[in-house]
Amino acid sequence: MVISVLALISWQKHSLTVSELRVCNSRMQHERLHVKHRGHEAMHAEMVLILIATLVVAQIVLVQWKQRHCRSYNMVTLLQMWVVPLYFTIKLYWWRFLSTWGMFSVITSYVIFRATRKPLSCRTPRMVYKWFLLIYKLSYAVGVIGYLAIMFTMFGFNIFFRIKAEDSMDVGVIMLFYGLYYGVMGRDFAEICSDYMASTIGYYNMGGMPSRNLSNDMCAVCGQKIFVDVDEEGIIEDTYQLSCNHTFHEFCIRGWCIVGKKQTCPYCNEKVDLKRMMNNPWERTHVLYGQLLDWLRYLVAWQPIIIGVVHGINFSLGLE
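Residues numbered from 1 in each chain as written. Predicted model: local features only at pLDDT ≥ 70, side-chain atom pairs only at ≥ 80, totals over all residues. Heavy atoms only, no water.

1. Here's the deal with the overall build of the chain
Phase 1: Looking only at helices and strands, the chain features 10 helices and two strands.
Phase 2: Walking the chain from its N terminus toward its C terminus, one meets helices and strands in the order α-α-α-α-α-α-β-β-α-α-α-α.
Phase 3: For the chain, buried positions account for 36% of its 320 residues.
Phase 4: Sequence-distant contacts, at least 24 apart, represent 63% of the contacts inside the chain between residues at least 6 apart.
Phase 5: With the model as given, the accessible surface of the chain reaches about 20,700 Å², and the carbon-plus-sulfur share is 66%. (Helix = DSSP H or I, 4+ residues; strand = E, 2+ residues; numbered from the N terminus. Buried < 20%, exposed > 50% of the residue type's maximum accessible area, 1.4 Å probe, protein only. Contact = heavy atoms within 4.5 Å. Areas by Shrake-Rupley, 256 points an atom, 1.4 Å probe, with all protein chains shown as cover.)

Here it is in structure tokens:
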């Protein structure tokens with residue numbers, strides 16, 4: 001009995017000694033870490049200031065560039081939108097995105113080739129707007145589904161269907177990215193094709209007056225004749241008249257304004273009231289979606305470059 005009591009006391013003393021050693025070791029490690037990172041608060045403050053200053057300067061430069069040389073700004077931005085994701089895709093082995101990116105690039109390249117040929121085929125404008133309108137609607141649908149999947153996971157509904165949270169969240173994020181990315185790319189390429197086709201047809205000129213006179217029964221977007229009067233209801237599509245009294249095929253003017261990002265008349269450059277064009281309240285979400293895509297372009301195209309510049313400045317100044 002006495003031996004067991006003595007053994008218990010010895011074991012308690014040994015346990016206290018081990019616990020005290022662990023506390024001392026943790027304190028020493030904390031002090032070493034504190035000494036190692038002493039003065040890093042000032043360095044972190046410098047890095048934050050560099051980031052803020054770079055963002056402000058970059059924003060001013062980009063805004064001035066867009067205002068003075070909009071065409072070159074859009075072309076460079078589109079090139080970066082097309083190349084930057086490709087770089088990360090190859091680096092991170094995202095083969096699924098690479099396959100969709102390849103199919104989109106091949107078909108869109110053919111569409112652009114058709115849109116920039118002279119003379120322009122009478123069927124080309126319709127084909128171009130149908131393709132980019134399809135991309136626009138698909139990207140809108142995929143983006144909405146991705147957003148709903150994210151909300152579905154955040155509110156815990158995945159538990160009722162026995163779906164892992166990380167799986168449903170991954171699906172939502174991927175679909176949202178796909179929808180937004182291809183929505184931006186489709187609208188940018190559609191704008192380029194719209195300019196080329198309308199300039200080739202002759203009823204539109206980006207820098208001045210059109211080279212052809214527009215008759216009352218011609219559509220300035222596609223260059224084809226209008227067979228349905230403004231007051232009549234068409235079987236396939238109606239005829240739409242802008243506030244400047246110029247008439248167009250309904251699908252053409254909608255593609256010109258919504259998909260092609262044009263807010264002026266294709267002939268006289270008078271500003272188009274998009275709210276007046278959207279008779280159905282649900283259609284106005286497409287305009288809001290287009291504005292979201294315009295904002296996202298800056299985030300995808302220029303944000304990685306700005307962050308790279310910030311890292312370069314920090315490296316040159318010896319800030320780690």
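2. As for the packing of helix α3 (residues 70-92) against helix α4 (residues 95-115)
Phase 1: Look at α3 against α4: their axes get within 10 Å of each other, and the N-to-C directions meet at 150 degrees. By the angle between their axes, α3 is roughly antiparallel relative to α4. Between α3 and α4 the crossing geometry is left-handed. Only F97, L98, W101 and S105 of α4 make contact with α3, whose side of the interface consists of W82, P85, L86 and T89.
Phase 2: When grouped by side-chain class, the residues that make up the contact of α3 with α4 number six nonpolar, two polar and no charged. (Axes fitted to C-alpha atoms, helices over the stretch in contact; angles between N-to-C directions. Parallel < 35°, antiparallel > 145°, perpendicular 65-115°, else oblique. Left-handed = near helix turned anticlockwise from the far one by under 90°. Nonpolar A, V, L, I, M, F, W, Y, C, P; charged D, E, K, R; others polar.)

3. Overview of the nonpolar core
Phase 1: Core analysis: the largest hydrophobic core is formed by 49 residues, its most contacted members being F132, L242 and F248.
Phase 2: Among the elements that line this core, the one with the most residues is helix α6 (residues 165-201), at 12 residues.
Phase 3: Excluding residues within four positions of it along the chain, F248 makes contact with C219, A220, V221, I226, D238, T239, Y240, L242, I253, C265 and P266. (Core = buried A, V, L, I, M, F, W, Y, C linked by side-chain atoms within 4.5 Å.)

4. Focus on the packing of α4 against helix α5 (residues 124-154)
Phase 1: Two elements in contact, α4 and α5, have axes separated by 9 Å at closest approach and are oriented at 150 degrees. Relative to α5, the element α4 lies roughly antiparallel. In the crossing of α4 with α5, the sense of the turn from one axis to the other is left-handed. Every residue of α5 that contacts α4 at F104, I107, T108, V111, R114 and A115 is listed here: T124, M127, V128, W131, F132 and I135.

5. Focus on a nonpolar patch on the surface
Phase 1: A surface patch of nonpolar side chains, about 740 Å² in accessible area, is lined by M154, F155, F157, F160, F161 and I163.
Phase 2: Within the fold, M154 resides in helix α5.
Phase 3: What makes M154 exposed here is its relative accessible area of 56%. (Patch = residues over 30% accessible without salt bridge, like charges linked within 9 Å, V, L, I, M, F, W, Y side chains within 5 Å. Salt bridge = Lys/Arg side-chain N within 4 Å of Asp/Glu carboxyl O.)

6. Overview of the environment of Q263
Phase 1: Its place among the elements puts Q263 in the loop between α7 (250-259) and α8 (274-277).
Phase 2: On the accessibility criterion, Q263 (41% relative accessible area) is partly exposed.
Phase 3: Sequence-wise, Q263 and I253 are 10 residues apart; in three dimensions their C-alpha atoms are separated by 10.0 Å.

7. Quick look at the packing of aromatic side chains
Phase 1: Summed over the entire model, instances satisfying the criterion amount to 17 aromatic pairs.
Phase 2: Pairing F104 with F189 gives two aromatic rings, centres 6.3 Å apart and planes at 50 degrees, and the pair type is tilted. Taken together, the residues F104 in helix α4 and F189 in helix α6 connect sequence positions 85 residues apart.
Phase 3: For F104, a relative accessible area of 6% translates into the label buried.
Phase 4: Aromatic side chains Y178 and Y182 sit 6.1 Å apart centroid to centroid with 80 degrees between the ring planes, which places their arrangement in the edge-to-face category. In this pair, Y178 and Y182 are both assigned in helix α6, four residues apart and thus about one turn of the helix distant. No difference in accessibility class separates Y178 from Y182, as the two residues are buried.
Phase 5: Pairwise contacts between aromatic rings join F97, F104, F177, Y178, Y181, Y182 and F189 into one cluster. (Phe/Tyr/Trp six-rings, centres within 6.5 Å; stacked < 30°, edge-to-face > 60°.)

8. Thoughts on the environment of L55
Phase 1: With respect to the helices, strands and loops of the structure, L55 is situated in helix α2 (residues 40-68).
Phase 2: The exposure class of L55 is partly exposed, given its relative accessible area of 28%.
Phase 3: Note: C-alpha distance between L55 and V309 (254 residues apart in sequence) is 10.0 Å.
Phase 4: Beyond its immediate chain neighbours, meaning those up to four positions away, L55 contacts Q303 and I306.

9. So, the UniProt feature "transmembrane region" (unreviewed entry) in the chain
Phase 1: The sites that carry the UniProt feature "transmembrane region" (unreviewed entry) are, in the present numbering, residues 47-65, 72-88, 94-113 and 134-161.
Phase 2: Each end of residues 94-113 is marked by a C-alpha atom, and these two atoms are 28 Å apart; helix forms 95% of the span and strand 0%.
Phase 3: Within the segment residues 134-161, helix and strand shares are 75% and 0% respectively, and the terminal C-alpha atoms sit 32 Å apart. (UniProt positions renumbered as here; feature names shortened; annotations may be inferred.)

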